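Okay, here's what each chain looks like letter by letter:
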Amino acid sequence: MNPNVPDDSAAASRYAIEAVAEITHVSRRLIVVYCQHGLISPVATPEESGWLFDEEAIHRLRHIEHLRTEYGMNMAGVRMMLEMLGELEQLREEVRFRRGG
Amino acid sequence: MPAAFKDYYTTLGLSKSATEVEIKKSFRKLARKYHPDVAKDKKTAEEKFKEINEANEVLSDPVKRKKYDELGANWQDGGGYRPPPGGRAGAGHRADGTPAQEFHFEGTGFSDFFEQFFGGAGRRNYGFPSGEQEFTADGGAGRARRGADIEGDILVTLEEAMLGTMRPISMQTADPRSGKAETHSFTVRIPAGATDGRRIRVPGKGAEGTGGGVAGDLYLRVRLAAHPDFRPRGADLYYDLDLAPWEAVLGEQVIVPGLSGAIKVRIPPGTASGQQLRVRAQGLPIGKSGDRGDLYVVSNIQIPTEMTDAERELWEKLKVASSFDPRSDSKT
């Protein structure tokens, strides 16, 4: 390990779909399917500058794969789970914000 | 590596029976005193500020506070946490009871104790299908498996989120089989405009792979430190401004602190309690766009609790002279 060398490759990075596929071992086709189902979304519109994703999308893809392989969830189940977790996160933030006041 | 118990009540100078209001008050007072931007001895103040924030994070949340109080009651001196019958301790074990690879961070702004019991993200093993198989007969032998991703929290002050910063992190890992400890040091860039809950991916700093598999990634989840003056919501900031009743009625010019310098704000006549006055582009940066969120000044009308005879007389006069009826709606 090289200490104290700035590891800023992670800062505000954008990943092309090929890179995302390589990092997550999820095929490009499946990534597109997930996008079509609204489970993940690219940061830029595909027509504008191609399929670009951020770190959140990579994290989400890992999460989706985990739910599918570990818990045997189907697409509908994954979608419901992600929606519920998203809502929970929002509510937590709201509570945090209000408590801080 | 058992985490040492943290006495959050002592950190905030409170008794165990402190009310929510007392916790908030004490936090604000101490956060102002030790805020890295204000304090003279920056290094000591920074440490203290982090401790205060961590204590506040737990004690200001009724659910976390309850858990903390229960932990305290079950804590053994020197021996760490004694789980109640039927429960299992923290994140140090896999489902089958074998010890998992342990991680221990420094530089994230949170203690091991916090990470173990209150880390919001937990240590999920995304990306490692079937973490439990590692120790079974065929698991791992010869088959390349990618290492697990690790999640941790990182405390970021509003000022750091404003400008962006580089944070040195050191991570110690201990292999549960050999007991061998290793330290990895690296620097993580917190981009300007990092919002609460955002995950920063550090490639290859997760758990090691097996059978020649690559290492997993480390995800650090940004937790914005509570600020004595501002509450963030996305890129917007909220500032509670206390006003005297006559200031709210007649209007006033006030100076409010901003993250990039004091701001003059005009309170218009007839400002209601809770009313929000927007100051454009005085919030946190929005990504790399160069735009900034807004600052909302929230009016909070304070009622005087003590008054002189002369003051009382004036209020009495106002009562007689005024035609204002706050309950006129309910009479029609």
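Predicted model, so just to flag it, every value in this text is computed and none were measured.

### Focus on the overall build of chain A
Then, in step 1: Looking only at helices and strands, one finds five helices and three strands in chain A.
Then, in step 2: Listed N to C, the secondary structure of chain A is β-β-α-α-α-β-α-α in terms of helices and strands.
Then, in step 3: Here chain A, with 101 residues, has 33% of them falling under the buried criterion.
Then, in step 4: Sequence-distant contacts in chain A: of pairs separated by 6 or more residues, those separated by 24 or more amount to 53%.
Then, in step 5: For chain A, the exposed area adds up to about 6100 Å²; of that, 53% sits on carbon and sulfur atoms.

### A few points about the sheet that holds strand 4 (residues 150-156) of chain B
All names here are of chain B.
Then, in step 1: If you walk across this open sheet you meet the three strands as 4-8-7, and the pairing is mixed. On the outer flanks of this sheet lie strand 4 and strand 7 (199-202), each paired with one strand and no other. Pairs of neighbouring strands in the sheet enclose a mean axial angle of 30 degrees, with direction left out of account.
Then, in step 2: Relative to strand 8 (residues 218-224), strand 4 runs parallel, the two sharing seven bridges. In the strand pairing of strand 8, Asp-153 is matched with Arg-221.

### As for the confidence of the model for chain A
Then, in step 1: Predicted confidence across chain A gives a mean pLDDT of 82, with 85% of residues reaching 70 or more.
Then, in step 2: The element-level mean pLDDT for chain A is lowest in strand 1 (residues 6-7) of chain A, coming to 38, with helix 2 (residues 28-36) of chain A highest at 92.

### Remarks on the packing of aromatic side chains
Residues and elements named next belong to chain B.
Then, in step 1: For the coordinates displayed, the defined rule picks out 19 aromatic pairs over all chains.
Then, in step 2: Judged by centre distance (6.4 Å) and plane angle (50 degrees), the ring pair of Tyr-68 and Phe-118 falls under tilted. Taken together, the residues span a long stretch of sequence, with Tyr-68 in helix 4 (residues 62-73) and Phe-118 in helix 5 (residues 112-118) at a distance of 50 residues. Each member of the pair, Tyr-68 together with Phe-118, is buried.
Then, in step 3: Ring geometry for Trp-75 versus Phe-113: centroids 5.6 Å apart, planes at 75 degrees, classification edge-to-face. Taken as a pair, Trp-75 in strand 1 (residues 75-76) and Phe-113 in helix 5 lie far apart in primary sequence, 38 residues in all. No difference in accessibility class separates Trp-75 from Phe-113, as the two residues are buried.
Then, in step 4: Across from the ring centre of Phe-118, 5.3 Å away, lies the NZ or CZ of Lys-67, which sits over that ring.

### Considering the pattern of salt bridges
Then, in step 1: Going through the model one piece at a time under the given rule, you end up with 24 salt bridges over all chains.
Then, in step 2: Notably, a salt bridge pairs Asp-153 of chain B with Arg-221 of chain B, separated by 3.5 Å at the nearest N-O pair. With Asp-153 of chain B in strand 4 and Arg-221 of chain B in strand 8, this residue pair connects regions lying 68 residues apart in the sequence.
Then, in step 3: Overall, Asp-153 of chain B belongs to the buried group, its relative accessible area being 1%.
Then, in step 4: Between Asp-196 of chain B and Arg-223 of chain B there is a salt bridge; the shortest N-O distance is 2.6 Å. A residue pair is termed long-range when its members are at least 10 positions apart, and Asp-196 of chain B in the loop between strand 6 (181-190) and strand 7 and Arg-223 of chain B in strand 8 qualify at 27 residues.
Then, in step 5: Residues joined by salt bridges that share partners form a network here, namely Arg-96 of chain A together with Glu-57, Lys-64, Asp-196 and Arg-223 of chain B.

### What to know about a nonpolar patch on the surface
All names here are of chain B.
Then, in step 1: On the surface, Trp-246, Val-249, Leu-250, Met-307, Trp-315 and Leu-318 cluster together into a nonpolar patch covering about 630 Å² of accessible area.
Then, in step 2: Mapped by element, the contributors of at least two residues to the nonpolar patch are helix 7 (245-250) and helix 8 (309-321).
Then, in step 3: Tallying contributions element by element places helix 7 first for the nonpolar patch, with three residues.
Then, in step 4: Structurally, the position occupied by Val-249 is in helix 7.

### Regarding the environment of Gly-193 of chain B
All names here are of chain B.
Then, in step 1: The residue Gly-193 is located in the loop between strand 6 and strand 7 in this model.
Then, in step 2: Here the alpha-carbon distance between Gly-193 and Pro-285, two residues 92 residues apart in the chain, equals 4.5 Å.
Then, in step 3: Among residues more than four places away in sequence, those in contact with Gly-193 are Ala-161 and Pro-285.

### Here's the deal with the sheet that holds strand 10 (residues 236-243) of chain B
Then, in step 1: What the four strands build is an open sheet, ordered 9-10-14-13 (chain B); its pairing is mixed. At either end of the open sheet lies a strand with only one pairing partner, and these are strand 9 (230-233) and strand 13 (276-279) of chain B. Between one strand and the next, the sheet's axes are offset by a mean angle of 30 degrees, whatever the strand orientation.
Then, in step 2: Strand direction decides the pairing type here: strand 9 of chain B and strand 10 of chain B, joined by four bridges, are antiparallel. Opposite Phe-230 of chain B, over in strand 10 of chain B, you have Tyr-239 of chain B as the bridge partner.
Then, in step 3: Set on the sheet, helix 5 (residues 75-99) of chain A makes contact with strand 9 and strand 10 of chain B; between it and strand 9 of chain B the angle comes to about 165 degrees.

### Considering helix 1 (residues 17-24) of chain A
Residue and element names in this part refer to chain A.
Then, in step 1: Looking at helix 1, one finds that the buried residues are Ile-17, Val-20, Ala-21 and Thr-24. The arc that holds every buried residue of helix 1, seen down its axis, measures 100 degrees, which confines them to one face.
Then, in step 2: Among the structural elements, strand 2 (15-16), helix 2, strand 3 (52-53) and helix 4 (55-71) are those in contact with the buried residues of helix 1.

Thresholds applied
Residues numbered from 1 in each chain as written. Chains lettered and ligands numbered in written order. Predicted model: local features only at pLDDT ≥ 70, side-chain atom pairs only at ≥ 80, totals over all residues. Heavy atoms only, no water. Helix = DSSP H or I, 4+ residues; strand = E, 2+ residues; numbered from the N terminus. Buried < 20%, exposed > 50% of the residue type's maximum accessible area, 1.4 Å probe, protein only. Contact = heavy atoms within 4.5 Å. Areas by Shrake-Rupley, 256 points an atom, 1.4 Å probe, with all protein chains shown as cover. Pairing = 2+ DSSP bridges. Axes fitted to C-alpha atoms, helices over the stretch in contact; angles between N-to-C directions. pLDDT = per-residue confidence, 0-100. Phe/Tyr/Trp six-rings, centres within 6.5 Å; stacked < 30°, edge-to-face > 60°. Lys NZ or Arg CZ within 6 Å of the ring centre and 35° of its normal. Salt bridge = Lys/Arg side-chain N within 4 Å of Asp/Glu carboxyl O. Patch = residues over 30% accessible without salt bridge, like charges linked within 9 Å, V, L, I, M, F, W, Y side chains within 5 Å. Arc of directions from axis to C-beta.

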